[in-house]
Number of protein chains: 2
Amino acid sequence: MNTHRSVNSATFVMNLNSIRSPHDIKGLDLPQLRSLANDLRQLLLEKLSRHGGHIGPNLGMVEATLALHYVFDSPTDKIVFDVSHQSYVHKMLTGRMAAFLDPKQYDLVSGYTNPQESPHDFFTIGHTSTSISLATGLAVARDMRADHENIIAVIGDGALSGGLAFEGLDYAATLKTNFIVVVNDNDMSIAENHGGLYDNLRLLRQTNGTAPTNYFKALGFDYRFVADGNDLEQLIAAFSAVKDINHPVVVHIATEKGHGYLPAVENKEAFHYGPPFELLTGKPIIGEPSPAEEKDYGDVTTDILLGEMAVNPGLVAITAATPGAIGFTPEKRRQAGHHYIDVGIAEQEAVSLASGIAKGGGTPWIGIVSSFMQRAYDQLSQDVAINSTPVVLSIFHASFYGMTDVTHLGWFDIPLITSIPGFVYLAPTCRLEYESMLLWALHQREYPVAIKVPGGKMVDGEQTYPTDYSDINTYNVTQNGSDVAIIGAGTFYGLALKVAHILEEKGIMPTIINPRFLSGVDAPLLQSLEANHRLVVTLEDGVLQGGFGQRIAAFYGTSLMEVRSYGMDQEWADRYDYQLLGDLYRLNPKLIVEDILTLLCK
Amino acid sequence: MNTHRSVNSATFVMNLNSIRSPHDIKGLDLPQLRSLANDLRQLLLEKLSRHGGHIGPNLGMVEATLALHYVFDSPTDKIVFDVSHQSYVHKMLTGRMAAFLDPKQYDLVSGYTNPQESPHDFFTIGHTSTSISLATGLAVARDMRADHENIIAVIGDGALSGGLAFEGLDYAATLKTNFIVVVNDNDMSIAENHGGLYDNLRLLRQTNGTAPTNYFKALGFDYRFVADGNDLEQLIAAFSAVKDINHPVVVHIATEKGHGYLPAVENKEAFHYGPPFELLTGKPIIGEPSPAEEKDYGDVTTDILLGEMAVNPGLVAITAATPGAIGFTPEKRRQAGHHYIDVGIAEQEAVSLASGIAKGGGTPWIGIVSSFMQRAYDQLSQDVAINSTPVVLSIFHASFYGMTDVTHLGWFDIPLITSIPGFVYLAPTCRLEYESMLLWALHQREYPVAIKVPGGKMVDGEQTYPTDYSDINTYNVTQNGSDVAIIGAGTFYGLALKVAHILEEKGIMPTIINPRFLSGVDAPLLQSLEANHRLVVTLEDGVLQGGFGQRIAAFYGTSLMEVRSYGMDQEWADRYDYQLLGDLYRLNPKLIVEDILTLLCK
């Protein structure tokens, strides 16, 4: 372990490991700061190329972060990073350099701000567009205390398309005290930006901030423009000018996403977030032989959609700024043409737009990541479900085997969707079933339908199954047995098969059920089980509270049938290990069989 | 029944009952239209004064609605009203005049647009800020069909503060086809407006729309201003000019809330929505002797908050534009001073702001109506719960005995709040318990706490109970019995007492439990019940799916204890009758006792 080293000896001004707080950079002059910026960028590239992470956003923010910490006095002055995926340099400068210098310590810090790591981090953040609002809270608390520290929200241009960012700006503009919003404008979201606002940002960049039409001024903000947001001198001048300002101000800085690393500058979307890569070429380093060739659920989804678009002129595929996560590569976006709409980071608009399209006779499909779906709960309920519009959603990463950061857990989908009357929520057990559910959903006009897209590797199911879902809430019994019935929903149907296999070896032939529908109960089937079963086991790839298993347990509330449910506990897990947490939740065939045998022998 | 009458014989131009569709007004000249506007306003006032409803919003929109239907060709041209509480004149002109002419038919139409009533209504709407987004969907569907009808969203200035309205505008501005947004600017929300945007709207009104700083232009819209939005000639000219326009345009019309009725103009907040009133004086007509004197949960809430503000300099009470619904009268707002914040119709900002205040050391309280709480689900989960900030929410109308329009049901709070790990959700059984829960929540710093504010009349509890809630998830056993235990949560604790009373008359002494906590299970207590109980009955004032009772049923999944839960079924009830629907859900002591006796005698 070599933590005491210079990254770039030619320009090295200080031992990086000696930077324990922002205080340690206050005495530097401009050339020293520039040299430090180079070193920090090199260090970033070393870690990112070995470890993966948010590449472009952090490379673009090296100078701005350095300038912020040079000018302001964190943590007395409080900086709130939006999404906080661009906070790596902030972490380097606030006592966490070792997590970038030492590969063994890479994982000691999360990819987002985290108050448990440092007093310089105020919130655990991971969703977009929240920074201004959270910062307004810090500002109000400061004013109630009659203190005077600077409150600074740092937000990217992409995140400005989220409604909460607007709500935050609209309220913040009414503050009569210090409030600083740094808009980090790199003219990109994860992919390209979408929205009328971006024409205005472009105009402001083109006019050096002087255009009279100005979104921020229209909301009541004072405004400053920094033409080169990767130039330390300009940044320091701008931040110094607004330090201790007595009213709300926007500092609009034009930065370059991926700055200082050509492959990231040339391919901004691919380098927004990525796996380890070859530093020399930028090529991704892939662990397994050729899984790049292997299709995932996003690929099969977009294959189906493109096929349907050829025959359904009213089909519209909608994303809220995460095309990559749902299979819409730049090439597939081109193929889809006007059948594809990216509304920007605006999940609410995505859902209400879809309801309007359905009402207008079209066929709307939304691809959305599970953790972000909850940003549009009211629209799913009011604009879609109450109106019974046939909106189709594929909910990606809705799984234990998805993203593991606490801010991106995909487990809460079942309580959310199934708490909305009228929504049909389908859980496919494998690729083929997913495809048939998606096709059915796109061809019907009766229900809003959501489909829980399995996490992890695609499952190639072997058995046949019904491909029509019009008979709502009819479960599929795939094996008739006795004593115990195992209902394995979606991804966890495979777990049900494994449990059944072990039980069969022990002479117990369980009934196996693929429920298909998470949003309702197959009452006749469940009643019929009472004849020759004593126990129903439910397996669901989601949090138990408010979920599928509890609905089954409630159904049998006054019967003799026993019900044991498996899923995730109601807690905030963070960067968990599937194996360890899965065992804790007893999501393991052997442990489940143990439980079943104990219950049957009671 | 006299449906064939003139309302104002001096100016009468046509038999109002003869207006069966907008087609019937197309041939009128301007003086005739003006006369018709007067008649429609008189008719509005007659119904509103007898029936109650949204007064100011409809009075202000008489001329604009008439002009819209005069210029455009509904339902080919499609008008989407935001919230749609201002759609009464639209209903008059689209085949529903009888529901305004004939008191016996008053309730044949809802207070909002409703596709089941008319092909001129496209969506069932009731929440704010959705119209532009829904209309973008109609526009996209039109474009996919290669049709050319006009798509028109009508939105008030207040609703523009909701993030979804921004998201809708931002996306709509990118359309290359016809899209018309009518901004009905009366310089009011329900109460006064809040947000930097409103300074810009004021500037635009003051400059006759010519100010270079223009929110709508900043988002990429073409823009027109109508100085007198209650003048038919100006309105018809403006709408005619944008009819069939080939790009997105905002028509900003300055109207007067309550126009044409002095009491409503002079007291805009009180006349936003109200009960029947004396037409001559504007004084509310109250059915019962003096319940105006009687305090409600909003009053006791604000009494407590004002008391706490005197001793807690960091206490901040937050509303999202519904001060009246949560007890903050104009006088109490003045008393609260800087301890009171209205963020505008911006529930997301309200919640994230609160989290920031808590993180900054303050004590944030949010008062919110149950049906609107779901608009901030992601913020409750991410910004509050993951960050464990001690935010306190009072959730009003979270009850079967609340608002009965399908868009305003308050039943879905239990699944929503209790699906979020870390939230403490308390259900008080009476006024005194509510007060002690609110005080406890405001004085602790460990948990985000929500309190389910009972609906209906305030309950004055008689018995004593513990006033500390630090021992999370401990239920309160108020009577020890055997065989059956009745868990009566919140409002429904009173129902539990009634059930118990009948059972006792029949010689069965039930255990009675006030669970206090909806967000967790008192495992030791529930286990102890197994010794001498065979049945647990749960009563909750909320939808059953994902709720409290299902959690109890799941807890007993593998025990011999039977569980029967009572609450609302998972469905969209609309303008229901408490008595009828309550009996259907068996929320009636006699019916519940019947069920209990059947189960105990099995």
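In this text the structure is predicted, and so the values were computed from the model without any measurement.

What counts, and where the lines are drawn
- Residues numbered from 1 in each chain as written.
- Chains lettered and ligands numbered in written order.
- Predicted model: local features only at pLDDT ≥ 70, side-chain atom pairs only at ≥ 80, totals over all residues.
- Heavy atoms only, no water.
- Helix = DSSP H or I, 4+ residues; strand = E, 2+ residues; numbered from the N terminus.
- Rg over C-alpha atoms; globule rule 2.2 N^0.38 Å.
- Buried < 20%, exposed > 50% of the residue type's maximum accessible area, 1.4 Å probe, protein only.
- Areas by Shrake-Rupley, 256 points an atom, 1.4 Å probe, with all protein chains shown as cover.
- Lys, Arg positive; Asp, Glu negative; His and termini not counted.
- Charge placed at Lys NZ, Arg CZ, Asp CG, Glu CD.
- Contact = heavy atoms within 4.5 Å.
- Buried area = accessible area lost by both parts, 1.4 Å probe.
- Salt bridge = Lys/Arg side-chain N within 4 Å of Asp/Glu carboxyl O.
- Polar contact = N/O pair within 3.5 Å; in protein donor to acceptor, adjacent residues only side chain to side chain.
- Pairing = 2+ DSSP bridges.
- Axes fitted to C-alpha atoms, helices over the stretch in contact; angles between N-to-C directions.
- Core = buried A, V, L, I, M, F, W, Y, C linked by side-chain atoms within 4.5 Å.
- Least-squares fit on C-alpha atoms with pLDDT ≥ 70 in both.
- Expected span 1.5 Å × (residues − 1).
- Parallel < 35°, antiparallel > 145°, perpendicular 65-115°, else oblique.
- Nonpolar A, V, L, I, M, F, W, Y, C, P; charged D, E, K, R; others polar.
- Phe/Tyr/Trp six-rings, centres within 6.5 Å; stacked < 30°, edge-to-face > 60°.

## Here's the deal with the overall build of chain A
At step 1: For chain A, the helix and strand inventory stands at 23 helices and 18 strands.
At step 2: Taking 602 residues into account, the globule formula puts the C-alpha radius of gyration at 25 Å, and chain A, at 26 Å, falls close to it.
At step 3: Principal axes of the C-alpha set define a box for chain A whose edges measure 80 × 60 × 50 Å.
At step 4: Taken over 602 residues, chain A has a buried fraction of 66%.
At step 5: Per element, the accessible surface of chain A, about 19,900 Å² overall, is 51% carbon and sulfur.
At step 6: Each charge class in chain A can be summarised by its mean position, and for the 42 positive and 68 negative side chains these summaries are 3 Å apart.

## A closer look at the interface of chain B and chain A
At step 1: Between chain B and chain A, the contact holds 100 residues from the first and 100 residues from the second.
At step 2: Of the roughly 8,000 Å² buried between chain B and chain A, counting both surfaces, carbon and sulfur atoms make up 59%.
At step 3: For the pair chain B and chain A, the number of links is two salt bridges.
At step 4: On inspection of chain B and its partner chain A, the count reaches 42 residue pairs in polar contact (both at pLDDT 80 or more).

## Digging into the sheet that holds strand 12 (residues 424-426) of chain B
Residue and element names in this part refer to chain B.
At step 1: One open sheet accounts for six strands, arranged 9-8-10-11-13-12; its pairing is parallel. In the strand order of this sheet, the two ends are held by strand 9 (340-342) and strand 12, each with one partner. Each strand axis lies, on average, 20° off the axis of its neighbour in the sheet, ignoring direction.
At step 2: Along the sheet face, helix 12 (residues 297-309) touches strand 8 (315-319), strand 10 (363-369) and strand 11 (392-396) and points at about 150° away from the line of strand 8.

## Observations regarding the nonpolar core
At step 1: Counting 180 residues, the largest nonpolar core has L160, F179, Y215 and F216 of chain A together with F179, Y215 and F216 of chain B as the members making the most contacts within it.
At step 2: Those residues in contact with Y215 of chain A, other than ones at most four positions away along the chain, are F166, L169, L197 and N200 of chain A together with F166, Y215, A218 and L219 of chain B.

## Concerning the sheet that holds strand 3 (residues 151-156) of chain A
Two modes of strand pairing occur in sheets, parallel and antiparallel, and in both the strands are linked by backbone hydrogen bonds.
Residues and elements named next belong to chain A.
At step 1: Strands sit in the order 2-3-4-6-5 across an open sheet of five strands; the sheet is parallel. Of all the strands in the sheet, the pair left with one neighbour each is strand 2 (78-81) and strand 5 (222-226). Put simply, the sheet's adjacent strands are angled 20° from each other on average, direction ignored.
At step 2: Looking at chain direction, strand 3 and strand 4 (residues 179-185) are connected through five bridges and run parallel. Of the residues in strand 4, the one forming a bridge with I152 is I180.

## Notes on the relation of the copies chain B and chain A
At step 1: Once turned by 180° and shifted 0.0 Å along the axis, chain B lies on chain A with an RMSD of 0.0 Å. What the rotation and shift describe, once combined, is the action of a two-fold rotation axis.
At step 2: Counting the interface residues of chain B, we find that 100% of their copies in chain A are interface residues as well, pointing to one common contact surface.

## Observations concerning the side chain of T113 of chain B
Residue and element names in this part refer to chain B.
At step 1: When you line up the elements, T113 lands in the loop between helix 5 (98-101) and helix 6 (131-144).
At step 2: Classification of T113 by relative accessible area gives buried; the value is 5%.
At step 3: Not counting chain neighbours up to four residues away, the residues in contact with T113 comprise F81, S84, S87, H90, K91, D121, F123, T124 and I125.

## Thoughts on the environment of V543 of chain B
Residues and elements named next belong to chain B.
At step 1: Note that V543 resides in strand 17 (residues 533-543).
At step 2: V543 sits in the buried class, given a relative accessible area of 1%.
At step 3: Residues V543 and P415, 128 residues apart in the sequence, show an inter-C-alpha distance of 7.8 Å.
At step 4: If near-sequence neighbours (up to four positions away) are discounted, V543 is found in contact with W411, F412, P415, M568, D569 and Q570.

## Re helix 23 (residues 589-600) of chain B
At step 1: In a regular helix each residue adds 1.5 Å, so 12 residues correspond to 16 Å; helix 23 of chain B covers 16 Å between its end C-alpha atoms and thus fits that length.
At step 2: On its buried face, helix 23 of chain B is in contact with strand 15 (483-488), helix 19 (493-505), strand 17, strand 18 (562-568) and helix 22 (578-584) of chain B.

## Let's talk about the pattern of salt bridges
Residue and element names in this part refer to chain A.
At step 1: A full pass over the atoms with the stated rule returns 60 salt bridges over all chains.
At step 2: The partner of R34 in a salt bridge is D231, with the nearest N and O atoms 3.9 Å apart. On the criterion of sequence distance, the pair formed by R34 in helix 1 (residues 30-51) and D231 in the loop between strand 5 and helix 10 (232-242) is long-range, its members being 197 residues apart.
At step 3: Residue classification places R34 among the partly exposed positions, given a relative accessible area of 34%.
At step 4: Accessibility expressed as a relative area gives 19% for D231, which makes it buried.
At step 5: Beyond isolated ion pairs, a larger network of salt bridges with shared partners links D185, D187, D199, R202 and R205.

## Considerations on the packing of helix 6 of chain B against helix 7 (residues 163-172) of chain B
How two helices pack is summed up by the angle between their axes together with the distance between the axes.
Residues and elements named next belong to chain B.
At step 1: Their axes nearest at 8 Å, the elements helix 6 and helix 7 cross at an angle of 30°. Looking at the two axes, helix 6 sits roughly parallel to helix 7. Where helix 6 approaches helix 7, its residues I132, S133, T136 and V140 are matched on the opposing element by L164, A165, G168, L169, Y171 and A172.
At step 2: Looking at the contact of helix 6 with helix 7 residue by residue, the classes come out as seven nonpolar, three polar and no charged.

## A few points about unusual backbone geometry
Residues and elements named next belong to chain A.
At step 1: Note that the residue after S74, namely P75, is joined by a cis bond; omega there is 5°.
At step 2: One can find P75 in the loop between helix 3 (62-71) and strand 2.
At step 3: Of note in the backbone geometry, S84 takes a positive phi value of approximately 70° without being a glycine.
At step 4: Summarising the element assignment, S84 is placed in the loop between strand 2 and helix 4 (88-93).
At step 5: Residue H397 is not a glycine yet carries a positive backbone phi of 55°.
At step 6: Locating H397 in the fold gives a position in the loop between strand 11 (392-396) and helix 17 (413-418).

## Concerning helix 12 (residues 297-309) of chain A
Residue and element names in this part refer to chain A.
At step 1: Its 13 residues place the ends of helix 12 18 Å apart at the C-alpha level, agreeing with the 18 Å of an ideal helix rising 1.5 Å per residue.
At step 2: Among the residues making up helix 12, those that are buried are Y297, G298, V300, T301, T302, I304, L305, L306, E308 and M309.
At step 3: Where helix 12 is buried, its residues meet strand 8 (315-319), helix 13 (330-336), strand 10 (363-369), strand 11 and helix 18 (431-443).
At step 4: Capping the start of helix 12 is the job of one residue whose side-chain oxygen sits 3.0 Å from the backbone nitrogen of G298: D296.

## Remarks on the packing of aromatic side chains
Residues and elements named next belong to chain B.
At step 1: If you walk through the whole model with that rule in mind, you get 53 aromatic pairs over all chains.
At step 2: A ring pair is formed by F400 and Y585, whose centres lie 6.2 Å apart and whose planes are at 55°; its orientation type is tilted. Residue F400 is found in the loop between strand 11 and helix 17 (413-418), and its partner Y585 is found in the loop between helix 22 and helix 23; the two are separated by 185 residues along the sequence.
At step 3: Residue F400 is classed as buried on the basis of its relative accessible area, which comes to 1%.
At step 4: Overall, the relative accessible area of 6% leaves Y585 in the buried class.
At step 5: Centroid distance W411 to Y585: 6.2 Å. Interplanar angle 85°. Geometry classified as edge-to-face.

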